[in-house]
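This is what each chain is made of:
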Amino acid sequence: MNNRTRKPALTKGEEEVMQALWQIGSGCVNDIIARMKKPAPKYTTVATFIKILEDKGYVAHEVAGKSHRYFPLVEREAYARSAARSLLDSYFDGSLVRMVSCFSADEEVSVREMEQIIELLDDIKQRQP
């Protein structure tokens with residue numbers, strides 16, 4: 001999902017359905033419901049979200065007997081990248097430094113996690129021409 005193929009944002013409910021669908025890969029509405037957090041939404045609610053997700057271009061389906069088997073058209077990682085970019089732009093004025101600073105100030109970020117971030121950045125820096 002790059003800027004040329006940017007899809008409409010997902011609501012919280014739509015994203016929950018997508019999370020379940022990404023976990024199972026493909027499935028009917030009942031399969032999706034079985035993967036959702038309890039209490040799971042009603043069948044009609046999930047079916048409505050699936051229809052919206054199809055209209056937005058996130059999901060497609062195959063006919064499987066009398067049912068439909070749904071599958072994601074957008075990879076989880078691609079959506080995560082897009083959502084992270086949106087968060088970065090909306091709340092941190094596009095500054096990765098400001099975002100990392102915000103989260104690193106959080107007492108729940110361990111020293112080990114900060115070291116891993118530094119290692120990741122060092123690896124990226126070494127790959128730069």
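These remarks concern the structure in this document. Note that the coordinates shown come from a computational prediction; the quantities given were computed from them, not determined experimentally. (Residues numbered from 1 in each chain as written. Predicted model: local features only at pLDDT ≥ 70, side-chain atom pairs only at ≥ 80, totals over all residues. Heavy atoms only, no water.)

Counting its regular elements, the protein chain contains six helices and two strands. The N-to-C order of helical and strand elements in the protein chain reads α-α-α-β-β-α-α-α. In terms of overall dimensions, the protein chain has a C-alpha envelope of 55 × 35 × 25 Å along the principal axes. Here the protein chain, with 129 residues, has 22% of them falling under the buried criterion. For the protein chain, the proportion of contacts with a sequence separation of at least 24, taken over those separated by at least 6, is 48%. Per element, the accessible surface of the protein chain, about 9,400 Å² overall, is 54% carbon and sulfur. The centroid of the 19 positive side-chain charges in the protein chain is displaced by 7 Å from the centroid of its 19 negative side-chain charges. (Helix = DSSP H or I, 4+ residues; strand = E, 2+ residues; numbered from the N terminus. Buried < 20%, exposed > 50% of the residue type's maximum accessible area, 1.4 Å probe, protein only. Contact = heavy atoms within 4.5 Å. Areas by Shrake-Rupley, 256 points an atom, 1.4 Å probe, with all protein chains shown as cover. Lys, Arg positive; Asp, Glu negative; His and termini not counted. Charge placed at Lys NZ, Arg CZ, Asp CG, Glu CD.)

With that out of the way, let us pick up the layout of surface pockets. The rolling of a water-molecule-sized probe over the atoms marks out the regions of remaining empty space. A volume near 260 Å³ is recorded for the largest pocket. Along the lines of polarity and charge, the residues of the lining of the largest pocket split into nine nonpolar, three polar and four charged. (1 Å grid on protein atoms, 1.4 Å probe; cavity = no way out; pocket = protein on both sides within 12 Å on 5 of 7 lines; lining within 4 Å. Points joined across faces, edges and corners; volume = space filled by probe spheres on them. Nonpolar A, V, L, I, M, F, W, Y, C, P; charged D, E, K, R; others polar.)

Take helix H1 (residues 12-24) next. In an α-helix there are 3.6 residues to a turn, and that puts residues three or four apart on one side. A rise of 1.5 Å per residue sets the reference length of H1, with its 13 residues, at 18 Å; its end C-alpha atoms lie 19 Å apart and thus fit the reference within 8%. Listing the buried residues of H1 in full gives Gly 13, Glu 14, Val 17, Met 18, Ala 20, Leu 21 and Trp 22. Structurally, H1 contributes buried residues whose contacts are with helix H2 (29-35), helix H3 (43-56), strand E1 (59-64), strand E2 (67-72) and helix H4 (76-92). (Expected span 1.5 Å × (residues − 1).)

To describe a pair of aromatic rings, you give the distance between the ring centres and the angle between the ring planes. On inspection of all chains with the given rule, the structure shows two aromatic pairs. Measuring from centroid to centroid gives 5.8 Å for Trp 22 and Tyr 79, while their planes differ by 40 degrees, and the two rings are tilted. Placement of the pair is Trp 22 in helix H1 and Tyr 79 in helix H4, with a sequence separation of 57 residues. Like Trp 22, the residue Tyr 79 is buried in the burial classification. (Phe/Tyr/Trp six-rings, centres within 6.5 Å; stacked < 30°, edge-to-face > 60°.)

So, to be careful, I would describe these as geometric facts and stop short of saying anything about function.
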